[in-house]
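One-letter residues, chain by chain:
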Amino acid sequence: MTSYTLILGNKTYSSWSLRGWLLARQAGLDFTEVVIPLRRPETRAEILKHSPAGKVPALVEDGQPIWDSLAIAETLAERFPGKGLWPGDARARQVARCVTAEMHSGFAPLRQALSMDLSKHYPGHAVGAEVQADIERICDIWRDCRASFGGGGDFLFGDFGIADAFYAPVVTRFRTYDVKLDGVCEAYCAAVTAHPWMQEWAAAAAAEPRAPEFD
Ligand SMILES: N[C@@H](CCC(=O)N[C@@H](CS)C(=O)NCC(=O)O)C(=O)O
């Protein structure tokens, strides 16, 4: 049987780790978790024991590392074709790939200004113009996907899949930084937040020891 180990950062803060973990859960993977606290003197050396890029997440499959969240997503979709990680419809799948790639390579202002922190809530938090532009583009994506492909469920393409895993950290950021949303986007955020994998991750994050490196 193939063995899987998922290398993660702190669940409170590591947005890329959340993506990889959600995908592993959605794929139904039987895996062991290794959580490496970030921003400590030993962090890089510890991650390098598992992942040549020195970043988390990394999924180690029978001793072979897969060291990027998008590569993990594609590998799991390949290994578990019955799990619907990408949508079945060809056009929906193209769009799912586009919006996932857009998240993977973009939205730097939002990522920088609104870093993931599940332990905090900032009511009335103000954002600059670049971050606002990112928020608006993300909301356009969510509205378009929900209207065009989301009819079969509560998520971007109906059932929970790779695109949702990639936007899940954004959902937590919108909650943390009190971003005001329209009805469609608010409902999407509520569905993601209520998803059992997200609840499980949030509970594990709440149980983590305090990390003064992030104060
Ligand atoms: N493109 C990578 C980005 C991964 C990434 O930047 N991860 C951050 C944590 S969220 C990291 O490992 N940082 C290393 C460190 O803080 O030492 C992916 O998609 O997996």
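Structure first, text after, so check above.
Everything numeric in this text was worked out from a predicted model, so none of it was measured.

Caption draft 1: Region of the structure containing the overall build of the protein chain. The helix and strand inventory of the protein chain stands at nine helices and four strands. Counting helices and strands in the order they occur from the N terminus, the protein chain gives β-α-β-α-β-β-α-α-α-α-α-α-α. By the compact-globule yardstick of 17 Å for 215 residues, the protein chain fits well, its C-alpha radius of gyration being 17 Å. By principal-axis analysis of the C-alpha atoms, the protein chain measures approximately 45 × 40 × 25 Å. Out of the 215 residues belonging to the protein chain, those deemed buried represent 39%. Put simply, 68% of the contacts in the protein chain that link residues at least 6 apart link residues at least 24 apart.

Caption draft 2: Representation of the nonpolar core in the model. Among the nonpolar cores identified, the biggest contains 57 residues, and Leu-23, Phe-157, Ile-162, Ala-163 and Ala-168 are the most heavily contacted of them. Here the element with the most residues in this core is helix H7 (residues 162-176); it accounts for nine residues. Among the domains, domain 1 (4-82) and domain 2 (85-199) are the pair contributing at least three residues each to this core. Once you skip the residues sitting within four places of it in the chain, Ala-163 turns out to touch Ala-96, Val-99, Thr-100, Leu-156 and Phe-157.

Caption draft 3: Local environment of the packing of helix H4 (residues 90-105) against H7. The N-to-C vectors of H4 and H7 enclose an angle of 25 degrees; their axes lie 9 Å apart at closest approach. With respect to each other, H4 and H7 are oriented roughly parallel. In the crossing of H4 with H7, the sense of the turn from one axis to the other is left-handed. Taking contact as the criterion, the partners of Ala-96, Val-99, Thr-100, Met-103 and His-104 in H4 are, on H7, Ile-162, Ala-163, Phe-166 and Tyr-167. The residue inventory of the contact of H4 with H7, partitioned by class, reads seven nonpolar, two polar and no charged.

Calculation rules
- Residues numbered from 1 in each chain as written.
- Predicted model: local features only at pLDDT ≥ 70, side-chain atom pairs only at ≥ 80, totals over all residues.
- Helix = DSSP H or I, 4+ residues; strand = E, 2+ residues; numbered from the N terminus.
- Rg over C-alpha atoms; globule rule 2.2 N^0.38 Å.
- Buried ≥ 20, exposed ≤ 12 C-beta atoms within 10 Å, placed from the backbone.
- Contact = placed C-beta atoms within 7 Å.
- Core = buried A, V, L, I, M, F, W, Y, C linked by C-beta atoms within 7 Å.
- Domains from an automatic or database assignment.
- Axes fitted to C-alpha atoms, helices over the stretch in contact; angles between N-to-C directions.
- Parallel < 35°, antiparallel > 145°, perpendicular 65-115°, else oblique.
- Left-handed = near helix turned anticlockwise from the far one by under 90°.
- Nonpolar A, V, L, I, M, F, W, Y, C, P; charged D, E, K, R; others polar.

By themselves, these are just geometric observations and shouldn't be taken as functional.
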